[in-house]
Amino acid sequence: MDQNKTPFLDALKSYIKDGISPFDVPGHHMGNAENDFKDFVGELTYTADVNAPRGLDNLNHPSGVIREALALTADCYNADEAFFLINGTSSGILAMIMATVKAHEEIILPRNVHKSVINALIIAGAIPVFVMPSFDKNLEISNQPRIVDYENAIKKHPNAKAIFVINPTYFGAVNDLMELSKLAHKNGMLCLADEAHGAHLGFTKNLPISAMEAGFDLSAVSMHKTAGALTQASILLRKGNRVSHYDIFKALMVVNTTSPSNLLIASLDSARKYMAIHGKDKLDEILLLGDYARDEINKIPGFKARGNDYFIGNGEYAYDNTKLVIELESLTINGFELYNILRDEYNVQMELAEQYVILGILAIGTKKLHLDNLIAALKDISTKYYVSDRTYPKYHYDSPFPKMVMRPRVAYQAPLKKVPLDDALGLISKESIMIYPPGIPLIIPGEVFDQSIIDRIKQYKKTNATVLMDYDDLTVSTVDYDQYLANRGAVEDKFDD
Ligand SMILES: Cc1ncc(COP(=O)(O)O)c(C=O)c1O
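Residues numbered from 1 in each chain as written. Predicted model: local features only at pLDDT ≥ 70, side-chain atom pairs only at ≥ 80, totals over all residues. Heavy atoms only, no water.

Undergrad: Got a sec to walk through helix 4 (residues 65-76)? Specific residues and values, please.
TA: For helix 4, spanning 12 residues, the distance from its first C-alpha to its last is 16 Å, which sits close to the expected 16 Å at 1.5 Å a residue. Along helix 4, the residues classified as buried are Val65, Ile66, Ala69, Leu70, Leu72, Thr73, Ala74 and Cys76. Here the buried face of helix 4 lies against helix 1 (7-17), strand 1 (81-85), strand 10 (234-238) and helix 11 (262-297). Downstream of helix 4 by one or two residues, Asn78 has phi in the positive range, about 65°. (Helix = DSSP H or I, 4+ residues; strand = E, 2+ residues; numbered from the N terminus. Expected span 1.5 Å × (residues − 1). Buried < 20%, exposed > 50% of the residue type's maximum accessible area, 1.4 Å probe, protein only. Contact = heavy atoms within 4.5 Å.)

Undergrad: Residue-level account of the confidence of the model for the protein chain, with values.
TA: Mean pLDDT over the protein chain stands at 94; residues scoring 70 or higher make up 96%. Long-range and interchain partners of residues 493-497, a stretch whose pLDDT sits below 50, account for 11 contacts in this model, where long-range means more than four residues apart. (pLDDT = per-residue confidence, 0-100.)

Undergrad: With reference to specific residues and values, describe the site of the ligand.
TA: As a structural note, the neighbourhood of the ligand is formed by 14 residues, with Thr89, Ser90, Asp194, His197 and His224 the closest of them. Here Asp194 contributes a side-chain N or O atom positioned 2.6 Å from a nitrogen atom of the ligand. At a separation of 2.7 Å, an oxygen atom of the ligand approaches a polar side-chain atom of His224. Here the ligand loses 91% of its free accessible area of 380 Å² to cover by the protein chains. Judged by its atoms lying within 2 Å of the grid points, the ligand is housed in the largest pocket. Contributions of two or more residues to the shell around the ligand are made by helix 5 (88-100) and helix 9 (223-226). Across the shell around the ligand, the residue classes tally to four nonpolar, eight polar and two charged. (Near = heavy atom within 4 Å. Polar contact = N/O pair within 3.5 Å; in protein donor to acceptor, adjacent residues only side chain to side chain. Areas by Shrake-Rupley, 256 points an atom, 1.4 Å probe, with all protein chains shown as cover. 1 Å grid on protein atoms, 1.4 Å probe; cavity = no way out; pocket = protein on both sides within 12 Å on 5 of 7 lines; lining within 4 Å. Sits in = over half its atoms within 2 Å of the grid points. Nonpolar A, V, L, I, M, F, W, Y, C, P; charged D, E, K, R; others polar.)

Undergrad: I'd love a proper account of unusual backbone geometry, names of residues and values included.
TA: Cis rather than trans, the peptide bond between Asn167 and Pro168 has omega equal to -10°. Following Tyr436, the chain continues into Pro437 via a peptide bond in cis, with omega recorded as -20°. Of note, Pro437 is situated in the loop between strand 17 (434-435) and helix 16 (451-462). Of note, Asn347 is a non-glycine position whose phi angle comes to about 55°, a positive value. Judged by its relative accessible area of 64%, Asn347 falls in the exposed class. Phi at Leu474 takes a positive value of approximately 60°, unusual for a residue other than glycine. Within the fold, Leu474 resides in the loop between strand 18 (467-468) and strand 19 (475-479). Judged by relative accessible area, Leu474 falls into the partly exposed class, the value being 27%.

Undergrad: Go over the domain arrangement of the protein chain with me, naming the residues and quoting the values.
TA: Along its sequence, the protein chain is carved into domain 1 (7-102 + 170-275), domain 2 (279-385) and domain 3 (408-496). The C-alpha centroid of domain 2 is placed 29 Å from the C-alpha centroid of domain 1. In this complex, domain 1 contributes 20 residues to the contact, which on the side of domain 2 involves 24 residues. A buried area of about 1900 Å², summed over both sides, lies between domain 1 and domain 2, and 67% of it is on carbon and sulfur atoms. Contact with domain 2 buries surface across domain 1, with Tyr170, Phe171 and Tyr274 losing the most and accounting together for 33% of the total. (Domains from an automatic or database assignment. Buried area = accessible area lost by both parts, 1.4 Å probe.)

Undergrad: Can you break down the sheet that holds strand 1 residue by residue, with the values?
TA: In spatial order, the strands read 1-10-9-8-6-2-3; together these seven strands make up an open sheet with mixed pairing. In this open sheet, the two strands that pair with only one neighbour each are strand 1 and strand 3 (127-131). Sheet twist, expressed as the mean angle between neighbouring strand axes with direction ignored, is 20°. Sheet topology note: the strand 6 (residues 162-166)/strand 8 (residues 190-195) ladder contains five bridges and is parallel. Directly across from Ile166, in strand 8, lies its bridge partner Asp194. Sheet strands in contact with helix 4 are strand 1 and strand 10, and its direction is about 115° off that of strand 1. (Pairing = 2+ DSSP bridges. Axes fitted to C-alpha atoms, helices over the stretch in contact; angles between N-to-C directions.)

Spelled out as structure tokens, the structure:
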């Protein structure tokens, strides 16, 4: 297909040129209303923010230029079919799981999934069969589960509908997708991918392959994270005939707004073109810049930049070297403090922090100048906070995730008992608690508060991390079990299915 084409963007430009007298929504009527934000971003953003019921196609029933743009996207991303998502990969994950796993059916998935996956379990009413990710005790981050763990879960749960894979993890770890896809299909299961951080994978042989290349059935991909689309713009990809167009279409009809932003759709159309035409060369250039940055950072006392060699040396199958993982080796500050210092004192914005690590995302917009600013900042910070004999109080959580005793949907809908975190030991959570980013819940509805999780939440609260929980004051939402038992019949009759 001719990947130079941008059918949707072209149609949008032409719509604006038509000299329309608008009586449709949005009510700013192509920028004719006064607005401070319009003054800030420029009139054209508003002029192009049209609904255009006639002339620009309809995301929910594409038959014209959106259909053409989707075909180009599917072709570019090695898929049989693509869907545009205007509420992020989160909405793709909801649709993907709603379309494939019903209430009381099982899905095999790593425990370090994003909160959108947990929300999908709640909506679908599915039973999660968690496989534990491998855990890097040095960086205290979760990577990929081992293939044998997926195999064991499949053996124990032969009726599971699907296996779910994160490709790559936030920190860049990649699993053996070919093997996982064979394994799932051989056992009659579907293979679903969360490629929120993988919109650039597969464009060069210097990066790991994508889920579509490995024959996965579905993948949700954040074009906005690493492929240059506007924030919230993602795609859902489908391959083969194990899942039908209709299944996905039906789920997206539940999840999608009826007022999709045409700015976001236009940004998807042009991001796809850029990736198709320039993706390979650009990404090869960025990977070299990453190597340069890691070499420079590794010369600075107190820091270690971890890439391919480190992760593969630690047993990961493959690694996405566009992730810039910087370990704090011997400093008097932790990762959260470093993250804030970089932003507040050096105008360097990293993606996220953990206790002993900060993460930068290298993507098609990365500039050497910005890497040089980061390197210079780290050099300066090293002079202030490096101490040669620092030993960190590592926590070494061998089992970083709590035990699940109740289906997430049931816990979510069960009666609420608010308790101070310290009194939650042994109680079942009704909420997902996480630091954000990365948005990987420490505990989810249906899991039991154990001492380790209580300690970790308190520990994170003491840092500068953003801890997302239902209440701000270390109160947590738990299942009122007595009430739950008393209502049980009613709850199950009314809501459980
Ligand atoms: C691993 C992972 N999956 C899914 C998502 C959701 O993607 P989006 O922000 O496009 O909705 C995120 C977002 O941070 C993520 O990190």
